[in-house]
Amino acid sequence: MELHERAYAKLNLTLDVLGTRADGYHEMCMVMQSVSLCDEVSIRPGRGGMRVESNLRFLPTDGRNLAAMAAEAFYRALDGAAAQTAAPALDISIQKRIPVCAGLAGGSSDAAAVLRALNRTLEKPLSTERLAQIGREIGSDVPFCVGGGTALATGRGEELEALPALPDCAVVLCKPSFPISTPALFSMLDRVKLHCRPDTQGVLAALRAGDLAGVARRMYNVFEDVLPRREGAEVAAIKRTLIARGCLGASMSGSGPTVFALFDDEALAQQAAAELSREYQDVFLARPV
Ligand code: C5P
């Protein structure tokens, strides 16, 4: 048996933080979109426990890897659903293409792909909702990554409502090389008063109307406001390049630092990607999925 599953990257068409919660997390309101940039996850029987290997040497290979956590959590949940034996030993192999620590939910998407693949091979004993519920213990973005598509995410990010699909378009993604600390950015947000918020209702109306330009011009991410000065300037410069190259709108994804833009013209998107590739290593062309 060898299972193969694609793990798609996630973009935030909007990201708003509404406040803090009693559990220490933040109350979110985000329009999420999966795109064709993906990791390839393969699973086969192993010789001891859950092992993960990938083309990135620095990723954990043991139970600290979200993909291994997902496999363990899947078999624990199965144990509750039916009389099932202990988790088998599995070797999980991940061909990483989604950059890590990038705001693209790559690790969460790998975990979600493991949940889907294991469930499929056992002829789907668990519903998609149950897989999403298992996923929320692994990370706030995992529930979205289980189903993908276009969705409104609230609560910690795990309360999902399916939305009309984003109209097909060309997407350019560009990850600058500076690191970002998600908890540090959240605590910065706790200390400032936000002056600008995304027009989430406007984005929802534009999605219902199939209005790509209407979505793109309303995209916004409140984390952009609290980036350290130099990093904020770099994100703004990438956005300016994308806008000068004719995108319909550009924003940062998640807690960054990846910047993305939507184009209704593939050739313009290719030119923008080519220009950014001269300065940045992690530049990708994708489409919504
Ligand atoms: O859930 P996940 O492990 O992806 O979250 C990473 C970190 O981001 C958390 O430890 C927390 O600091 C922050 N976070 C938050 N509120 C959320 C999601 C994440 O404060 N809704």
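Residues numbered from 1 in each chain as written. Predicted model: local features only at pLDDT ≥ 70, side-chain atom pairs only at ≥ 80, totals over all residues. Heavy atoms only, no water.

Moving on: the packing of aromatic side chains. On inspection of all chains with the given rule, the structure shows two aromatic pairs. With a centroid separation of 5.0 Å and 85° between ring planes, the pair formed by phenylalanine 186 and phenylalanine 223 is classed as edge-to-face. In this pair, phenylalanine 186 is assigned in helix α5 (residues 182–191) and phenylalanine 223 in the loop between β8 (220–221) and α8 (229–244), connecting sequence segments 37 residues apart. The ring of tyrosine 25 carries the charged tip of arginine 156 above its face, separated from the ring centre by 4.4 Å. (Phe/Tyr/Trp six-rings, centres within 6.5 Å; stacked < 30°, edge-to-face > 60°. Helix = DSSP H or I, 4+ residues; strand = E, 2+ residues; numbered from the N terminus. Lys NZ or Arg CZ within 6 Å of the ring centre and 35° of its normal.)

With that settled, the discussion passes to the pattern of salt bridges. Scanning the entire structure with this criterion turns up 18 salt bridges. Notably, a salt bridge pairs aspartate 62 with arginine 64, separated by 3.1 Å at the nearest N-O pair. What makes aspartate 62 partly exposed here is its relative accessible area of 26%. Lysine 96 is the partner of aspartate 110 in a salt bridge, and the nearest nitrogen-oxygen pair spans 2.9 Å. Residue aspartate 110 is found in helix α2 (residues 106–121), and its partner lysine 96 is found in the loop between β4 (90–95) and α2; the two are separated by 14 residues along the sequence. Residues participating in the shared-partner salt-bridge network are Glu5, Arg116 and Arg120. (Salt bridge = Lys/Arg side-chain N within 4 Å of Asp/Glu carboxyl O. Buried < 20%, exposed > 50% of the residue type's maximum accessible area, 1.4 Å probe, protein only.)

Let's shift gears to the layout of surface pockets. Put simply, the largest pocket is a space of about 960 Å³. Lining the largest pocket are 43 residues, and of these Ala105, Ser108, Asp141, Thr182 and Ser255 sit closest to its centre. Those elements giving two or more residues to the lining of the largest pocket turn out to be β1 (3–20), β2 (26–45), α1 (66–81), α2 and α5. The greatest single-element share of the lining of the largest pocket, amounting to four residues, is contributed by α2. Across the lining of the largest pocket, the residue classes break down as 21 nonpolar, 14 polar and eight charged. Its volume calculated, the second largest pocket comes out at about 270 Å³. (1 Å grid on protein atoms, 1.4 Å probe; cavity = no way out; pocket = protein on both sides within 12 Å on 5 of 7 lines; lining within 4 Å. Points joined across faces, edges and corners; volume = space filled by probe spheres on them. Nonpolar A, V, L, I, M, F, W, Y, C, P; charged D, E, K, R; others polar.)

What follows is about the environment of methionine 252. Relative to the helices and strands, methionine 252 resides in strand β9 (residues 249–252). A residue is classified by how much of its surface remains accessible, and methionine 252, at 0% relative accessible area, is buried. Expressed as a C-alpha distance, the spacing of methionine 252 and alanine 113, which sit 139 residues apart in the sequence, is 24 Å. Setting aside anything within four residues of it in sequence, one finds methionine 252 in contact with Asn12, Asn221, Phe223, Glu224, Leu227, Val235, Pro257, Thr258, Val259 and Phe260. (Contact = heavy atoms within 4.5 Å.)

On to the site of the ligand, then. Close to the ligand lie Tyr25, His26, Met28, Gly139, Ser140, Arg156, Thr182, Pro183 and Phe186. Contact between the ligand and serine 140: an oxygen atom at 2.5 Å from a side-chain N or O atom of the residue. Within the contact set of the ligand, a nitrogen atom lies 2.9 Å away from a backbone nitrogen or oxygen of arginine 156. Burial of the ligand by the surrounding chains reaches 69%, relative to a free accessible area of 450 Å². Applying the majority rule of atoms within 2 Å of the grid points places the ligand in the largest pocket. Those elements giving two or more residues to the shell around the ligand turn out to be β2 and α5. Top element by residues in the shell around the ligand is α5. It accounts for three residues. The residue inventory of the shell around the ligand, partitioned by class, reads four nonpolar, four polar and one charged. (Near = heavy atom within 4 Å. Polar contact = N/O pair within 3.5 Å; in protein donor to acceptor, adjacent residues only side chain to side chain. Areas by Shrake-Rupley, 256 points an atom, 1.4 Å probe, with all protein chains shown as cover. Sits in = over half its atoms within 2 Å of the grid points.)

Right, let's get into unusual backbone geometry. Across the junction of glycine 256 and proline 257, the peptide omega takes the value 5°, indicating a cis bond. Tracing the backbone shows proline 257 in the loop between β9 and β10 (259–263). A positive phi angle is found at cysteine 101, which is not glycine, with a value near 50°. Within the secondary structure, cysteine 101 is located in the loop between β4 and α2. Although it is not a glycine, glutamate 123 sits at a positive phi angle of roughly 65°.

Turning our eyes to something else, we now look at the packing of α8 against helix α9 (residues 266–277). Look at α8 against α9: their axes get within 9 Å of each other, and the N-to-C directions meet at 145°. Note on packing geometry: the crossing formed by α8 with α9 is right-handed. In this structure, α8 uses Ile238, Thr241 and Leu242 to contact α9, whose residues at the interface are Ala272, Glu275 and Leu276. Tallied by class, residues from the contact of α8 with α9 come to four nonpolar, one polar and one charged. (Axes fitted to C-alpha atoms, helices over the stretch in contact; angles between N-to-C directions. Left-handed = near helix turned anticlockwise from the far one by under 90°.)

Take it as geometry only, folks, not as evidence of what the structure does.
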